[in-house]
Amino acid sequence: KAGVTQTPRYLIKTRGQQVTLSCSPISGHRSVSWYQQTPGQGLQFLFEYFSETQRNKGNFPGRFSGRQFSNSRSEMNVSTLELGDSALYLCASSLDHRSTDTQYFGPGTRLTVL
Amino acid sequence: KQEVTQIPAALSVPEGENLVLNCSFTDSAIYNLQWFRQDPGKGLTSLLLIQSSQREQTSGRLNASLDKSSGRSTLYIAASQPGDSATYLCAVRRVRDDKIIFGKGTRLHILP
């Protein structure tokens, strides 16, 4: 069974631009979560989607948004990019959103903002 | 505020030794605790998931324990190998808002 895939793997943007990242979960998984990882802050939760609905959200500004499609694939969008948005963005999928469900992570998208 | 702390931040041990990684959390109201490993530039790999009602989980050379009352978890690695070199992260899923909070990890280096 294929794992979680994220595209693109690397991205370079300039301040003020916007970016869209994509995540395809493991087949059959309906829950997708997004995280931002930086050396200073570590891994921080962005949001979680289940059955096309955002069921949880972290403490990030409104410039960060996401959505989930009927096939469980998810996208996240960052508008008006800032230098501080440079990070590794990780997507994780799980079968459901139950506490017993293990999260499986993709390889991440490395975003660099110049 | 839920904080997850992992000490030490980095650790080097000779191959073959048994070792323990520590994770502490401030809010004991959690659904579960999960241990992950992350190789440089890669995503996270789940190692063990312990439900709040459980005391420990084992997988191969790995054993994770959970003591909710004291807010601590340990990851025990037996007979360490160079391939175990990675960053190990713990994460708790807290009850009050169902969010997963990560520690900053312990960077482990196994010396051949």
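Description of the structure in this document. (Residues numbered from 1 in each chain as written. Chains lettered and ligands numbered in written order. Predicted model: local features only at pLDDT ≥ 70, side-chain atom pairs only at ≥ 80, totals over all residues. Heavy atoms only, no water.)

## Describing the state of the cysteines
Consideration 1: Under the counting rule described, the total for this entry stands at two disulfides over all chains.
Consideration 2: Covalent S-S linkage joins C23 of chain A and C91 of chain A, the inter-sulfur distance amounting to 1.7 Å. Residues C23 of chain A and C91 of chain A share a disulfide whose torsion about the S-S bond is about -45 degrees; that sign makes it left-handed. You can see C23 of chain A sitting in strand β3 (residues 19-24) and its partner C91 of chain A sitting in strand β9 (residues 87-94), a full 68 residues away along the chain. Exposure class is identical for C23 of chain A and C91 of chain A. Each is buried.
Consideration 3: A disulfide bridge connects C23 of chain B with C90 of chain B, and the sulfur atoms are separated by 2.0 Å. What sets the handedness of the C23 of chain B and C90 of chain B disulfide is the S-S torsion sign, and at about 75 degrees it is right-handed. Note that C23 of chain B is positioned in strand β3 (residues 19-25) and C90 of chain B in strand β9 (residues 86-94), a separation of 67 residues in sequence.
Consideration 4: C23 of chain B sits in the buried class, given a relative accessible area of 2%.
Consideration 5: You can call C90 of chain B buried: its relative accessible area is 0%. (Disulfide = S-S within 2.5 Å. Helix = DSSP H or I, 4+ residues; strand = E, 2+ residues; numbered from the N terminus. Buried < 20%, exposed > 50% of the residue type's maximum accessible area, 1.4 Å probe, protein only.)

## Thoughts on the nonpolar core
Consideration 1: With 24 residues, the main nonpolar core has L33, W35, L75, I77 and Y88 of chain B as its most contacted residues.
Consideration 2: Counting residues per element, the ones that place at least two in this core are β3, β4 (30-38), β5 (44-51), β7 (62-67), β8 (72-77), β9 and β11 (106-111) of chain B.
Consideration 3: Judged by nonpolar contacts, the second largest core, of 21 residues, contains L11, C23, L46 and Y49 of chain A. (Core = buried A, V, L, I, M, F, W, Y, C linked by side-chain atoms within 4.5 Å.)

## Remarks on the environment of P25 of chain A
Consideration 1: Mapped onto the elements of the fold, P25 of chain A is located in the loop between β3 and β4 (31-38).
Consideration 2: P25 of chain A sits 10 residues away from Y35 of chain A along the chain, and the two C-alpha atoms are 14 Å apart.

## Section: empty space enclosed by the protein
Consideration 1: Inspection of every chain in the model, using the stated rule, returns two cavities of 30 Å³ or more.
Consideration 2: Within this model, the largest cavity holds a volume of roughly 40 Å³.
Consideration 3: Mapped onto the lining of the largest cavity, the elements with two or more residues apiece are β4 and β5 (42-50) of chain A.
Consideration 4: Split by residue class, the lining of the largest cavity holds three nonpolar, two polar and four charged.
Consideration 5: Along the walls of the second largest cavity sit Q103 of chain A together with N32, Q34, F36, A91, V92, R93 and I100 of chain B, which together make up its complete lining.
Consideration 6: Secondary-structure elements contributing two or more residues to the lining of the second largest cavity are β4 and β9 of chain B.
Consideration 7: Here the lining of the second largest cavity is composed, by residue class, of four nonpolar, three polar and one charged. (1 Å grid on protein atoms, 1.4 Å probe; cavity = no way out; pocket = protein on both sides within 12 Å on 5 of 7 lines; lining within 4 Å. Points joined across faces, edges and corners; volume = space filled by probe spheres on them. Nonpolar A, V, L, I, M, F, W, Y, C, P; charged D, E, K, R; others polar.)

## As for the sheet that holds strand β8 (residues 74-78) of chain A
Residues and elements named next belong to chain A.
Consideration 1: One open sheet accounts for four strands, arranged β1-β3-β8-β7; its pairing is antiparallel. Edge strands, defined here as strands with exactly one partner in the open sheet, are β1 (5-7) and β7 (64-68). Neighbour-to-neighbour, the strand axes of the sheet open up by a mean angle of 20 degrees, direction not taken into account.
Consideration 2: Note that β7 and β8 share five bridges and pair antiparallel. Paired with G66 across the bridge in β8 is M76. (Pairing = 2+ DSSP bridges. Axes fitted to C-alpha atoms, helices over the stretch in contact; angles between N-to-C directions.)

## Some words on the interface of chain A and chain B
Consideration 1: At the interface, 26 residues of chain A touch 20 residues of chain B.
Consideration 2: Interface of chain A and chain B: buried area, both sides summed, is about 1,700 Å²; carbon and sulfur atoms make up 48% of it.
Consideration 3: Among the ionic pairs, D98 of chain B bridges to R55 of chain A, the shortest N-O distance being 2.9 Å.
Consideration 4: For the pair chain A and chain B, the interface holds six residue pairs in polar contact (both at pLDDT 80 or more).
Consideration 5: Elements that contribute at least two residues to the side of chain A that touches chain B include exactly β4, β5, β6 (53-57) and β9 of chain A.
Consideration 6: Of the residues forming the side of chain A that touches chain B, the biggest block, four residues, is contributed by β5 of chain A.
Consideration 7: Residues of the side of chain A that touches chain B, tallied by class, amount to seven nonpolar, 13 polar and six charged. (Contact = heavy atoms within 4.5 Å. Buried area = accessible area lost by both parts, 1.4 Å probe. Salt bridge = Lys/Arg side-chain N within 4 Å of Asp/Glu carboxyl O. Polar contact = N/O pair within 3.5 Å; in protein donor to acceptor, adjacent residues only side chain to side chain.)

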